[in-house]
Amino acid sequence: MAGQQNQDVNQLLKVRREKLQELQQNGKDPFRITKYDVTHHSQEIKDQFDALENTEVTIAGRMMFKRVMGKASFCNVQDLLGNIQAYVARDDIGEDSYKDFKKYDVGDLLGIKGKVFKTKTGEISVHASEVTLLSKSLQILPEKYHGLTDTDLRYRQRYVDLIMNADVKNTFIKRSKVISAIRRYLDGEGFMEVETPMLVSNAGGAAARPFETHFNALNEDLKLRISLELYLKRLIVGGMERVYEIGRVFRNEGLDTRHNPEFTLMELYQAYTDYNGMMDLTENLYRYVAKEVTGSEVLTYGEHTIDLSKPFERITMVDAVKKYAGVDFKDVHTTEEARKLAKEHHVEYEDRHQKGDILSLFFEQFAEEHLIQPTFVMDHPIEISPLTKKKPDDPEYVERFEFFLNGWEMANAYSELNDPIDQRERFEAQEQAFAAGDEEANHTDEDFLNALSIGMPPTGGIGFGIDRMVMIMTGSMAIRDVLLFPTMKSLDK
């Protein structure tokens, strides 16, 4: 049975190539066409029908359906904004052109000139006076009703996925709107967009394993950045008081519904503010983007309704663990006590983990999943925050928050550490952690320390995961659904 299907497909592909050869022999090679002047898209014609009725328009797109009825035919053309029907008659476009049209295949790209009208059944259409084959499709699109359902194939052949699934295209249109809205908001707040290096000698600013490569020209090993932080802070030192960057970062970690080894991060830094200022900015930014992209500050994601219109909850990590695990780390004074509690509550930890690390593990195990509504989790332990200012009244903790939605971490923010002496000590602690087996620990960045020695003002900074933000705004269940070309295992491995 499979062999017969393959034979049938091969025959259809052969016929398409033969049609192309015939066109080329007759001087009608579609691949020689260099441009086509489009005046309208499908949805524009439908939205503006009253003004456009009986007006000549030119549209272009992929033919997704064709029904030939003797001397007249109907076809459906799909473009960026949707699809529209075209009525193609022999007496209107000419006998030779109509003969060519009848041989066109579903998947071919057409340009159609004609007048806008409404059929007897009320469907807004274009009455063609001219049809141009703009590109010949030599492949066969998936069958209409079953579509492209193989998830792996959808990700590998996103171009087909975009053709066959309108919801997929809408997701990526919304993704573009999310990023545009972020830029509009930040530009309106006086932030400057900048670009910093992707290839670095020291990949710092986050807890992650980097990808490594070799630069032949300088005979040096380099890494792909895991964060945007350290270079953006250098710009704050240089007097650029509000900066942000939206860019790809790379982390040599696993794949799951919320992680891809390359993803889009947005980081911003603002001089003369702290993590409280970053909380205010986050609330305002999320509301603005949601309103711009979805039209509402109340979002539906799976079974949850997420309300961005109300003030976001603010809770310390210690209080979150007390609330959801019933353990009060205010009463925990030593690493030994923390390890004892971890064993009692079946929280797995490593020998190198200190009290603060174990608090974080409690939070991850017991609290995260409950943070469905927008929540700022504040005041992290110093052990897991090497680039953050200590709380003046409690130096075991730092002025840091993570922003949670739907049980996911959506952003990470600090009152940035600007004391070069303290920063060097934190780097030394990270080096010790690396030596003890922590492959995600930061390494000492001497140039960054030199920048801090020049003097960095009090600064608030934050990093947003753009892909997760798009997932929430579009109702997408997996990060691969919001990445045009997600990382996939090679088929030839």
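1. Looking at the sheet that holds strand E7 (residues 199–200)
On the basis of which strands lie adjacent, the open sheet formed by three strands has the order E7-E9-E8 and antiparallel pairing. Looking at which strands have only one partner, the edges of the open sheet turn out to be E7 and strand E8 (212–215).

2. Considering the pattern of salt bridges
For the coordinates displayed, the defined rule picks out 35 salt bridges. A salt bridge links Lys 35 to Asp 37; the shortest N-O distance between them is 3.5 Å. Across this residue pair, the class does not change: Lys 35 and Asp 37 are exposed. Arg 156 is paired through a salt bridge with Asp 152; the nearest N and O atoms lie 2.8 Å apart. Residue Arg 156 and its partner Asp 152 are located together in helix H6 (residues 151–156), separated by four residues, close to a single helical turn. The class for Arg 156 is partly exposed, based on a relative accessible area of 25%. A single salt-bridge network, built from bridges that share partners, covers Arg 16, Lys 19, Asp 105, Asp 108 and Lys 136.

3. Brief notes about the nonpolar core
In this structure, Ile 182, Met 266, Leu 268, Tyr 286 and Phe 401 are the most contacted members of the largest nonpolar core, which totals 45 residues. Not counting chain neighbours up to four residues away, the residues in contact with Met 266 comprise Ile 182, Leu 186, Tyr 244, Glu 245, Ile 246, Leu 285, Ile 462, Gly 463, Phe 464 and Ile 466. Formed by 24 residues, the second largest nonpolar core is a distinct cluster that contains Leu 23, Ile 84, Ile 93 and Tyr 104.

4. Re the environment of Met 410
Of note, Met 410 is situated in strand E19 (residues 408–415). Met 410 sits in the buried class, given a relative accessible area of 2%. Put simply, Met 410 and Ile 472 are 62 residues apart on the chain and 9.8 Å apart in space, counted from C-alpha to C-alpha. If we ignore the near neighbours within four places in the chain, the residues touching Met 410 are Tyr 286, Phe 403, Phe 404, Leu 405, Gly 463, Phe 464, Gly 465, Arg 468, Met 469 and Ile 472.

5. A word on the packing of helix H12 (residues 335–344) against helix H13 (residues 355–367)
H13 packs onto H12 with a crossing angle of 25° between their chain directions and a minimal axis gap of 8 Å. For the element pair H12 / H13, the angle class is roughly parallel. In the crossing of H12 with H13, the sense of the turn from one axis to the other is left-handed. Of the residues in H13, those touching H12 at Thr 335, Ala 338, Arg 339, Leu 341 and Ala 342 are Lys 355, Ile 358 and Phe 362. Of the residues that constitute the contact of H12 with H13, the class distribution is five nonpolar, one polar and two charged.

6. Structural notes on the environment of Ser 201
Relative to the helices and strands, Ser 201 is located in the loop between E7 and E8. For the pair Ser 201 and Leu 222, spaced 21 residues apart in sequence, the C-alpha separation works out to 4.9 Å. Among residues more than four places away in sequence, those in contact with Ser 201 are Leu 222 and Lys 223.

7. Digging into helix H14 (residues 420–435)
The terminal C-alpha atoms of H14, which comprises 16 residues, lie 22 Å apart, in line with the 22 Å expected from a rise of 1.5 Å per residue. When we look at burial in H14, the residues that qualify are Asp 422, Gln 423, Arg 426, Phe 427, Gln 430 and Ala 433. Along H14, the residues classed as buried sweep out an arc of 140° about the axis, all on the same side. Facing away from the buried surface of H14 by more than 90 degrees, the exposed residues are Ile 421, Gln 432 and Ala 435. In this fold, the buried residues of H14 make contact with strand E16 (390–391) and helix H15 (446–454). Phi turns positive one or two residues past the end of H14, at Gly 437, with a value near 115°.

8. Things to note about the sheet that holds E19
Spatially, the eight strands line up as an open sheet ordered E6-E10-E11-E20-E19-E18-E15-E14, and their pairing is mixed. Looking at which strands have only one partner, the edges of the open sheet turn out to be strand E6 (192–193) and strand E14 (313–316). Relative to strand E11 (residues 262–271), strand E10 (residues 242–250) runs antiparallel, the two being bridged by nine bridges. Counted as the bridge partner of Phe 250 is Glu 262 from E11.

9. Regarding the packing of helix H8 (residues 166–188) against helix H16 (residues 466–474)
The N-to-C vectors of H8 and H16 enclose an angle of 120°; their axes lie 10 Å apart at closest approach. In terms of their interaxial angle, H8 and H16 are classed as oblique. Here H8 runs over H16; the crossing is right-handed. Across the interface between the two elements, Thr 171, Lys 174, Arg 175, Val 178, Ile 179 and Ile 182 of H8 pack against Ile 466, Asp 467, Met 469, Val 470, Met 473 and Thr 474 of H16.

10. Notes on the packing of aromatic side chains
Applying the stated rule across the entire model yields 16 aromatic pairs. When the centroid spacing of 5.6 Å and the interplanar angle of 45° are considered together, the rings of Tyr 185 and Tyr 288 count as tilted. On the criterion of sequence distance, the pair formed by Tyr 185 in helix H8 and Tyr 288 in helix H10 (residues 275–294) is long-range, its members being 103 residues apart. On the basis of relative accessibility, which here comes to 12%, the residue Tyr 185 falls in the buried class. Each member of the aromatic cluster is reached from another via a ring pair, and the members are Tyr 286, Phe 312, Phe 376, Phe 401, Phe 403 and Phe 464. The aromatic ring of Phe 101 is capped on one face by Lys 66, whose charged end is 5.5 Å from the ring centroid.

Parameters and conventions
Residues numbered from 1 in each chain as written. Predicted model: local features only at pLDDT ≥ 70, side-chain atom pairs only at ≥ 80, totals over all residues. Heavy atoms only, no water. Pairing = 2+ DSSP bridges. Helix = DSSP H or I, 4+ residues; strand = E, 2+ residues; numbered from the N terminus. Salt bridge = Lys/Arg side-chain N within 4 Å of Asp/Glu carboxyl O. Buried < 20%, exposed > 50% of the residue type's maximum accessible area, 1.4 Å probe, protein only. Core = buried A, V, L, I, M, F, W, Y, C linked by side-chain atoms within 4.5 Å. Contact = heavy atoms within 4.5 Å. Axes fitted to C-alpha atoms, helices over the stretch in contact; angles between N-to-C directions. Parallel < 35°, antiparallel > 145°, perpendicular 65-115°, else oblique. Left-handed = near helix turned anticlockwise from the far one by under 90°. Nonpolar A, V, L, I, M, F, W, Y, C, P; charged D, E, K, R; others polar. Expected span 1.5 Å × (residues − 1). Arc of directions from axis to C-beta. Phe/Tyr/Trp six-rings, centres within 6.5 Å; stacked < 30°, edge-to-face > 60°. Lys NZ or Arg CZ within 6 Å of the ring centre and 35° of its normal.

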